[in-house]
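Inside the fold
Chain by chain, the residues run as shown.
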Amino acid sequence: RSQVPIVGLWMQAAMMFVRSVVLLLLASLPLCLAQIGAFYINGNGNGNGNGEYYNSVKLHIETQKDRLFAYRGENVTLTCHYHYEPAVNVTRKVRVKWSKLNMDFSKESDVIVAIGLRHRSFGEFRGRVYLQQNDEREASLVITDVRLEDYGKYKCEVIDGLEDESSIVELELRGVVFPYQPHHGRYQLNFHDAKQACEEQDAMIASFEQLFQAWEEGLDWCNAGWLMDGSVQYPITIPRGPCGGKHNSAGVRNYGQRHKNLHRFDVFCFASTLKGKLYFRRRPLKFTFDEAVKACRDDGGEIAKVGQLYAAWKFQKFDRCEAGWVADGSVRYPIAFPRPKCGPPEPGVRTFGFPRKENGRFGVYCFKLS
């Protein structure tokens, strides 16, 4: 009996202790929530030095809305600025990240990451990119010596504590689209072969946007070819029976997505400007293919690739009414100014196909780097 009152006293004391802890936690909860929602003005988490916190500060980011156009070999600036609302006058230590989006948006490739003066670039962009920060709130990306594969969409991302905002900039290259098939003939390339074939000719596989623009400029081709997104399409400016029907309107015909390993088509390639000189060589008896390759090497150059020939025709108005070997073993010639005895009445790169390398005799188109 004497133990019952003692047990009751212990229980009463325990309940009073629990009640005190709960009341203490409830009293401190508003302060905790206020600190969780607070935006610290300086970078050390101590407010503004006076124990004050600034709430409802929003980070905003701005990039150019229109597509940015560039030529291969140029330097280009993708603009990106950020600001706070309401305005914050204290310098912030933010993290800036630029990444390149894949065409299917499945993942991103890092381009550059920077915190203050420290930065790191990645992959093919290493050593070719830097941040332009002419003012305190600028985070623009400068790409030097633009390459064909730099074409695409880029994301500028600014991270400040819990605040994280981003925006997209689209970079498009000026260039020329051309249909391509190897010497084996029509419809011999799966997607991976097609991509490699373009790269071997100093070009890249074209995007739908590039093909559509080429169609608007008059490209008409009745063979279906791979595009960058894995679809197979072809451009028709003059509707006719074998090319989708003469009663269908002009446009870019679409076979849709195809199996990248099993299905075979031609390919549409995209070439841009040259960083060198393309020229023609011949001799009285002309050259076999092996002799043509040697003639260019002996002159300090190399036999021109198909993409280089198209780029010279497009951007340098290169014009030669004489057939010559190019690197893939085909024989072609560029006409910028149509005239009698030089093929059709439209400008273009004419082709004689793929003659036998040991028997055919032609001039040769050579290329030298600047």
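Nothing here was measured: the structure is a model prediction, and the numbers come from that model.

What counts, and where the lines are drawn
- Residues numbered from 1 in each chain as written.
- Predicted model: local features only at pLDDT ≥ 70, side-chain atom pairs only at ≥ 80, totals over all residues.
- Heavy atoms only, no water.
- Helix = DSSP H or I, 4+ residues; strand = E, 2+ residues; numbered from the N terminus.
- Buried < 20%, exposed > 50% of the residue type's maximum accessible area, 1.4 Å probe, protein only.
- Contact = heavy atoms within 4.5 Å.
- Areas by Shrake-Rupley, 256 points an atom, 1.4 Å probe, with all protein chains shown as cover.
- pLDDT = per-residue confidence, 0-100.
- Pairing = 2+ DSSP bridges.
- Axes fitted to C-alpha atoms, helices over the stretch in contact; angles between N-to-C directions.
- Salt bridge = Lys/Arg side-chain N within 4 Å of Asp/Glu carboxyl O.
- Core = buried A, V, L, I, M, F, W, Y, C linked by side-chain atoms within 4.5 Å.
- Disulfide = S-S within 2.5 Å.
- Phe/Tyr/Trp six-rings, centres within 6.5 Å; stacked < 30°, edge-to-face > 60°.
- Lys NZ or Arg CZ within 6 Å of the ring centre and 35° of its normal.

**Some points on the overall build of the protein chain**
Looking only at helices and strands, the protein chain has five helices and 23 strands in total. Counting across all 370 residues of the protein chain, residues that qualify as buried make up 44%. Intrachain contacts of the protein chain at a sequence separation of at least 6 include 60% that bridge at least 24 residues. As displayed, the protein chain has an accessible area near 20700 Å², and 54% of this comes from carbon and sulfur atoms.

**Brief notes about the confidence of the model for the protein chain**
Here the protein chain shows a mean pLDDT of 87. Residues at 70 or above account for 84%. Confidence over residues 1–7 falls short of pLDDT 50; this stretch has zero contacts with residues more than four positions distant or in other chains. Residue range residues 25–54 is modelled with pLDDT below 50. Its contacts to residues more than four positions away, or to other chains, number 31 contacts.

**Brief notes about the sheet that holds strand β9 (residues 140–143)**
On the basis of which strands lie adjacent, the open sheet formed by three strands has the order β3-β9-β8 and antiparallel pairing. Edge positions in the open sheet fall to β3 (76–78) and β8 (129–132), since each of these has one partner strand only. Looking at each pair of strands side by side, their axes are set apart by 30° on average, direction ignored. Relative to β9, β3 runs antiparallel, the two sharing three bridges. Bridge pairing links Leu-78 to Leu-141 in β9.

**Notes on the pattern of salt bridges**
Scanning all chains against the criterion turns up 23 salt bridges. Where Arg-128 meets Asp-150, a salt bridge forms, and the shortest distance between an N and an O atom there is 3.0 Å. Of this pair, Arg-128 sits in the loop between β7 (118–121) and β8 while Asp-150 sits in the loop between β9 and β10 (152–160), and the two are 22 residues apart along the sequence. Looking at Arg-128, the relative accessible area reads 7%, which means it is buried. Note that Asp-319 and Arg-339 form a salt bridge whose closest N and O atoms lie 2.6 Å from each other. Here Asp-319 is found in the loop between α5 (306–315) and β20 (324–325), whereas its partner Arg-339 is found in the loop between β21 (331–335) and β22 (348–351), with 20 residues between them in sequence. On the accessibility criterion, Arg-339 (33% relative accessible area) is partly exposed. Linked by salt bridges that have partners in common, Arg-67, Glu-170 and Glu-172 make up one network.

**A closer look at the nonpolar core**
Formed by 97 residues in total, the largest nonpolar core has its most connected members in Trp-98 and Ile-143. Considering every element that reaches this core, the biggest residue donor is α5, with six residues.

**Looking at the state of the cysteines**
All told, the structure shown has five disulfides when counted by the stated rule. Each disulfide pairs two cysteine sulfurs, and for Cys-198 the partner residue is Cys-269, the sulfurs being separated by 2.0 Å. Here the S-S torsion is close to -80°, and the disulfide linking Cys-198 with Cys-269 is therefore left-handed. A residue pair is termed long-range when its members are at least 10 positions apart, and Cys-198 in helix α2 (residues 191–200) and Cys-269 in strand β17 (residues 266–272) qualify at 71 residues.

**Let's talk about unusual backbone geometry**
The amide bond that connects Glu-85 to the next residue, Pro-86, takes the cis arrangement and shows omega of -5°. Turning to its location among the elements, Pro-86 is positioned in the loop between β4 (80–85) and β5 (95–101). Of note in this structure, Tyr-187 is not a glycine but carries a positive phi near 55°. By the secondary structure assignment, Tyr-187 is in the loop between β12 (175–180) and α2. One non-glycine residue with positive phi stands out, namely Lys-317, at about 55°. Within the fold, Lys-317 resides in the loop between α5 and β20.

**Considering the packing of aromatic side chains**
Counted by the stated rule, this structure contains 18 aromatic pairs. Seen from their ring centres, Phe-208 and Phe-212 are 5.8 Å apart, and the 40° between their planes marks the pair as tilted. Linking Phe-208 with Phe-212, this pair stays in helix α3 (residues 208–216), spanning four residues, or about one helical turn. Ring geometry for Tyr-255 against Phe-265: centres 5.9 Å apart, planes inclined by 70°, an arrangement best described as edge-to-face. Of this pair, Tyr-255 sits in strand β16 (residues 251–257) while Phe-265 sits in the loop between β16 and β17, and the two are 10 residues apart along the sequence. Tyr-255 gets classed as partly exposed once you look at its relative accessible area, which sits at 34%. Since its relative accessible area comes to 9%, Phe-265 is described here as buried. By the ring-pair criterion, three or more aromatic residues cluster together here, those being Tyr-187, Phe-191, Trp-226, Tyr-234, Tyr-255 and Phe-265. One residue, Arg-174, lies across the ring of Phe-69, its end atom 4.0 Å from the ring centre. In this structure, Lys-357 packs its charged tip against the face of Phe-289, placed 4.4 Å from the ring centre.

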